[in-house]
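Now for the letters of each chain:
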Amino acid sequence: MASLRDVQNQIVGVKKTKQITKAMNMVASAKLRGAQERIERFRPYAQKFYDMLGDLAAGADESVHPLLEVREDIRSVGILVATSDRGLCGAFNSNIINKALKLAAEKAAEGKAVKVYCIGKKGNDAFRKQEYDIKREERDAISSFDFTLAASVGDEIIRDYMAGELDEVHLVFGEFVSMAKQPAVSQQILPMAATEGEGGGDAGDYIYEPSVEGLLAELLPRFIKVQVYRGLLDTSCSEHAARMAAMDNATKACDEMTESLTLLFNKTRQAAITADLMDIVGGAEALKG
Amino acid sequence: MADTVKLEIVTPDRKVLSEDVDYVGAPGAMGEFGILPNHVPFLSALGIGNLYYKLGGKTYYVFVAGGFAEVSHNKCTILAEVAEMAHEIDVDRAQKAADRAGQRAQQTKERLDFARNQAALRRAIARMSCQRAGKDAGTC
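Residues numbered from 1 in each chain as written. Chains lettered and ligands numbered in written order. Predicted model: local features only at pLDDT ≥ 70, side-chain atom pairs only at ≥ 80, totals over all residues.

1. Brief notes about the overall build of chain A
Helix and strand counts for chain A stand at five helices and six strands. In chain A, the order of α-helices and β-strands from amino to carboxyl end is α-β-α-β-α-β-α-β-β-β-α. Its C-alpha atoms put chain A at 115 × 40 × 25 Å along the principal axes. For chain A, the share of sequence-separated contacts (at least 6 apart) that also reach a separation of at least 24 residues comes to 79%. (Helix = DSSP H or I, 4+ residues; strand = E, 2+ residues; numbered from the N terminus. Contact = placed C-beta atoms within 7 Å.)

2. So, the overall build of chain B
Check the secondary structure of chain B and you find two helices and seven strands. When its helices and strands are written in sequence order, chain B yields β-β-β-β-β-β-β-α-α. In terms of overall size, chain B behaves like a compact globule, its C-alpha atoms giving a radius of gyration of 16 Å where 140 residues would be expected to give roughly 14 Å. Taken along its principal axes, the extent of the C-alpha atoms in chain B is 60 × 30 × 25 Å. In chain B, buried positions account for 35% of the 140 residues. A sequence separation of at least 24 residues applies to 55% of the contacts in chain B between residues at least 6 apart. (Rg over C-alpha atoms; globule rule 2.2 N^0.38 Å. Buried ≥ 20, exposed ≤ 12 C-beta atoms within 10 Å, placed from the backbone.)

3. Concerning the interface of chain A and chain B
In this assembly, 22 residues from chain A lie in contact with 20 residues from chain B. Elements with a contribution of two residues or more to the side of chain A that touches chain B: helix H1 (4-59), strand S6 (207-209) and helix H5 (212-288) of chain A. If you tally residues by element for the side of chain A that touches chain B, the top one is H1 of chain A, at nine residues. Its residues placed into classes, the side of chain A that touches chain B shows 14 nonpolar, no polar and eight charged. (Nonpolar A, V, L, I, M, F, W, Y, C, P; charged D, E, K, R; others polar.)

4. Side note on the sheet that holds strand S1 (residues 76-82) of chain A
Backbone hydrogen bonds hold the strands of a sheet together, and the pairing may be parallel or antiparallel. Residue and element names in this part refer to chain A. Pairing within the open sheet is mixed, and its five strands lie in the order S3-S2-S1-S4-S5. On the outer flanks of this sheet lie strand S3 (133-138) and strand S5 (184-190), each paired with one strand and no other. On average, adjacent strands in this sheet sit at an angle of 20° to one another, irrespective of strand direction. Here six bridges tie strand S4 (residues 168-174) to S5, and the two strands are oriented antiparallel to one another. If you follow Val 169 over to S5, its bridge partner there is Leu 190. Packed onto the sheet, H5 meets S1, strand S2 (113-119), S4 and S5 and runs at close to 25° relative to S4. (Pairing = 2+ DSSP bridges. Axes fitted to C-alpha atoms, helices over the stretch in contact; angles between N-to-C directions.)

5. What to know about the nonpolar core
Ranked by size, the top nonpolar core spans 98 residues in total, and within it Leu 80, Val 81 and Val 172 of chain A together with Val 62 and Ile 78 of chain B carry the most contacts. By residue number, the principal contributor to this core is H5 of chain A, which donates 16 residues. If near-sequence neighbours (up to four positions away) are discounted, Val 172 of chain A is found in contact with Ile 79, Leu 80, Val 81, Ala 82, Ile 96, Lys 99, Ala 100, Leu 103, Ala 184 and Ser 186 of chain A. (Core = buried A, V, L, I, M, F, W, Y, C linked by C-beta atoms within 7 Å.)

6. Remarks on unusual backbone geometry
Most of the time, phi is negative for any residue but glycine, and the peptide bond is trans. Note that the residue after Leu 190 of chain A, namely Pro 191 of chain A, is joined by a cis bond; omega there is -15°. The peptide bond linking Glu 209 of chain A to Pro 210 of chain A adopts the cis configuration, its omega dihedral lying at 5°. Turning to its location among the elements, Pro 210 of chain A is positioned in the loop between S6 and H5. Despite not being glycine, Asn 38 of chain B shows a phi value in the positive range, around 65°. Considering the arrangement of structural elements, one finds Asn 38 of chain B in the loop between strand S4 (31-35) and strand S5 (42-55).

7. As for the domain arrangement of chain B
Residue and element names in this part refer to chain B. Under the domain assignment, chain B is made up of domain 1 (5-87) and domain 2 (88-137). The straight-line distance from the C-alpha centre of domain 1 to that of domain 2 is 22 Å. Taken together, the 12 residues of domain 1 in the interface contact 12 residues of domain 2. (Domains from an automatic or database assignment.)

This is the structure:
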């Protein structure tokens, strides 16, 4: 049986852990609020962007842009993995990593070369242990990023795609659905699926400057960046939500442990007192005799 | 017939402006264009420069860099990667950026991304001129 002091030390330790997990929970919730605000601020831009692309595509007559064209012979596949930089957020990162690894394994099994672009330390660490070709590593990126990061990653992907080094690009990230749900999602971003067709009906009357083709050439690459940015925003938001949940669970577990340890402590103490009493009573009895 | 046009300026980071205005002038990729109420549907790429709008006899200036303008149903939407109202512009920073770009242009030894440097210079100059214009118009 554990000694009284051991149990007490354990209780103190668990309580300290609880303080930490509680603090981390609060930090995550504050950060989550910030991340959610960013998503909210980004939403009008993304929405307007979809609308505009829809209007434009409705007016374009099958104008084929390289980014829209599906290549027949797909030899290499790019996977952009967005994970968090830090752990302690439950299964969040491993879900994303597993999804990405599975996708990579599938593509590799089909005989395609897989190239990986990692944003976030956790995904990077996982892919470093694999034999896939890592084209880009962005560590400590998710903690503080802005549109510039998405733009530079987007530019690199587009450049490789145009150069024929990539024939297909997927984005794997943690979608922020709700506080309780952040599934890992993989989405094909290149070649662009026919996202258009939802455009406004009166598109034919538009005046285009410089021209439909010229505008598409400007809009489509930017659309890739918008998607990448969205993936990053979602991942960072999901990360904080996942961490909040994980830390909440940990705090609860600490409470339970403290409770059972306190019970053990009391029992141990009681046993010690009983033993002492027995000694005293036994001694007194002996003196009497 | 409406007598104002709704101007909305959004960037990936925020919604910069949403207001009913009398007139919008914007730096299109092929030169400046003006939008009055009841303009026909119109879609254009934007260059680097000053966007301005008129409201109640005053002219307000906004710096924009790269993006698109869409006009339809009396609504003018500006999607820009960067947009700053004249009073938000940090002139010192723009001045420093302009100086840096100027210096880089001088050092021909270095391998220089000329287009990029020039874009940086143009942005800095446009920022400064935007604020000056805003100050002159008394709306900054």
